[in-house]
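# Per-entry structural report
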Amino acid sequence: MSDVASPATPASTPVAEGITLGSTGQFARWTVTPWGAVVPWGQESPVALDWYIAADDRWHVPASEPTVRQTRIEGAPVVETRLRIPDGDAVQRVWAVPDGDGNVIVEFENESPLPFAVALSGPRVVTDRPPSDMAIQGIDLPDGSIVLPVGHRAIARVALPFPGGSGPSRLTAVPPALAVVRGWTRVVEQASRLVLPDERLVEALVAARCDLLLEGPVSAADDPVGFLLDVAELVRCGDSADAWLLDVVEPAERVARHAARRGASNDDVADALAALGACRIVAVRAGDARAANDIDRTANRLASTRDVLDASTGTAGAIASFADVRRGSSVGRFVRSIERRIADGGVLLPGGMPTSWHGSNFEVHGVPTSATSTVSFAVRWHGERPAVLWEQHSTNGSTTVELSAPDVDPEWRTSDATGEALWPAPERVRARPGLSITVDGNSDAHGDGDPAAGTTPGATPGADPDPDADGVSFS
């Protein structure tokens, strides 16, 4: 994967439902459908690369097979699709690499005791072995389809160039799937890193940030607050703040005017303060002190009109539970909702520690506590009591914020930059309903409407909530 560059302009818009693939800083984008077909963006009549498996029993067509299961590996845009065949699985993995003008690597692994053949239809691909010249029987495929034999526990790999581009010079030289996963993880963890008992929550956060890097922010015209939060998240993940600075000016002014009008609600002001805080991140990262000071003055004027708001963080009450988290069209809103449940200003774990986390070590790194400071903390268990170790960081050398955790230890409070403390044993309470993260790209702009049913890119189809834990489920 290439280094993060200035705001990228993807190749038009997706033409199919699925998961977006690409490399940051490049034009080429593809969509992986729920059954593993690969469709390029930006084409008037896109041609999909589709696949079929000739197993010991029959031809299997993933687009219509009920045994297809698909996941993103650790939340990255590296997609694994499994198809059940006799005594095992045919496994397809798909990821993008920046070679040439951009290529998608598609590999097929045989996790069954018998060999099978994979047929590919669609655009030209680059193979690491000559296709079979055997006649295709038992299935009607488009002209030009190729067949690759795959032995027991073997892997076959092809490269799909973006239309008009060229394939990699050597397939053996392209980075493997797990190396690409590590690359994406390093990029998105520049913003913050979470190591939590709820692994699916962490993967949902990684997936959201990867989608944002590949698809860009929401429309500033439709959702200026979401746009500003998205841009700040892009900058936190390594995008150029200078390149975005001019783009945030007009939406920020529009949001501030809307919140300052007569009859504006507390929610309007809270949204505006969150958006202005996002703008301040961009201004500070761009080294524009004048813009940062102007944003501070505007935010202070707005905050002074509503006594329920905190001028430094722009919050209007913490997210009470992870069950309140929704992923709508704005990734920035989604990330902010998760991070506020971990640290809301200087308040750690507002709403308390999820019951399913009791007894499990966890840690978070780089979660914002103000516009210029972050906190990292880890929880380690000593019997039934959690010990917290923390470290505060400031981007401009300013003083640290006061930390507290009233829903975990009402008496604990500190302004120390680093330290450790032993919190009391959590009360034994009845577990709350499972965490439900809904990924709905068609929800209202603020991400607070009723989420639509069904799954969309980034969701895990068929996962059911656990009624006895605060674990993550996708519904």
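Residues numbered from 1 in each chain as written. Predicted model: local features only at pLDDT ≥ 70, side-chain atom pairs only at ≥ 80, totals over all residues. Heavy atoms only, no water.

What follows deals with unusual backbone geometry. Notably, E74 is not glycine yet its phi reads approximately 55 degrees, a positive angle. Mapping E74 onto the fold places it in the loop between β6 (69-72) and β7 (79-85). The class for E74 is partly exposed, based on a relative accessible area of 35%. Positive phi values are uncommon outside glycine, yet R153 reaches one of about 60 degrees. Note on placement: R153 falls in the loop between β12 (146-150) and β13 (155-161). A relative accessible area of 52% places R153 in the exposed class. (Helix = DSSP H or I, 4+ residues; strand = E, 2+ residues; numbered from the N terminus. Buried < 20%, exposed > 50% of the residue type's maximum accessible area, 1.4 Å probe, protein only.)

Further remarks concern the environment of R200. Its location among the elements puts R200 in helix α2 (residues 199-215). Sequence separation between R200 and G75 is 125 residues, and the spatial gap between their C-alpha atoms is 8.5 Å.

Turning to the confidence of the model for the chain, a few remarks are in order. Close inspection of predicted coordinates is inappropriate for parts of the model with low pLDDT. Summarising the model, the chain shows a mean pLDDT of 84, and 82% of its residues fall at 70 or more. Per-residue pLDDT stays below 50 along residues 429-436; that stretch engages in 31 contacts with residues further than four places along the chain or on separate chains. Counted against residues more than four places away or in other chains, residues 441-475, with its pLDDT under 50, gives 78 contacts. (pLDDT = per-residue confidence, 0-100. Contact = heavy atoms within 4.5 Å.)

Now for empty space enclosed by the protein. All told, the structure shown has four cavities of 30 Å³ or more when counted by the stated rule. In this structure, the largest cavity encloses a volume near 50 Å³. Along the walls of the largest cavity sit V188, E189, S192, R193, L194, V202, L205, V206 and R209, which together make up its complete lining. Only β14 (193-195) and α2 provide two or more residues apiece to the lining of the largest cavity. Take the lining of the largest cavity: its biggest share by element is four residues, from α2. (1 Å grid on protein atoms, 1.4 Å probe; cavity = no way out; pocket = protein on both sides within 12 Å on 5 of 7 lines; lining within 4 Å. Points joined across faces, edges and corners; volume = space filled by probe spheres on them.)

Bringing helix α7 (residues 289-303) into the picture now. Taking 1.5 Å of rise per residue, the 15 residues of α7 would be expected to cover 21 Å, and the 21 Å separating its terminal C-alpha atoms lies within 8% of that figure. For α7, the N-terminal cap is D288; the gap from its side-chain oxygen to the backbone nitrogen of R290 is 3.4 Å. (Expected span 1.5 Å × (residues − 1). Polar contact = N/O pair within 3.5 Å; in protein donor to acceptor, adjacent residues only side chain to side chain.)

Topologically, N110 is positioned in strand β9 (residues 103-111). A distance of 3.2 Å separates a polar side-chain atom of N110 from the backbone oxygen of V150. Not counting the four nearest positions on each side in its chain, N110 is found in contact with I85, D89, P115, F116, V150, G151, H152, R153 and A154.

It is worth spelling out the environment of A90 at this point. Structurally, A90 can be placed in strand β8 (residues 88-97). Sequence-wise, A90 and I53 are 37 residues apart; in three dimensions their C-alpha atoms are separated by 7.7 Å. Once residues within four sequence positions are removed from consideration, A90 is found in contact with W51, I53, T81, R82, L83, I85, E109 and F116.

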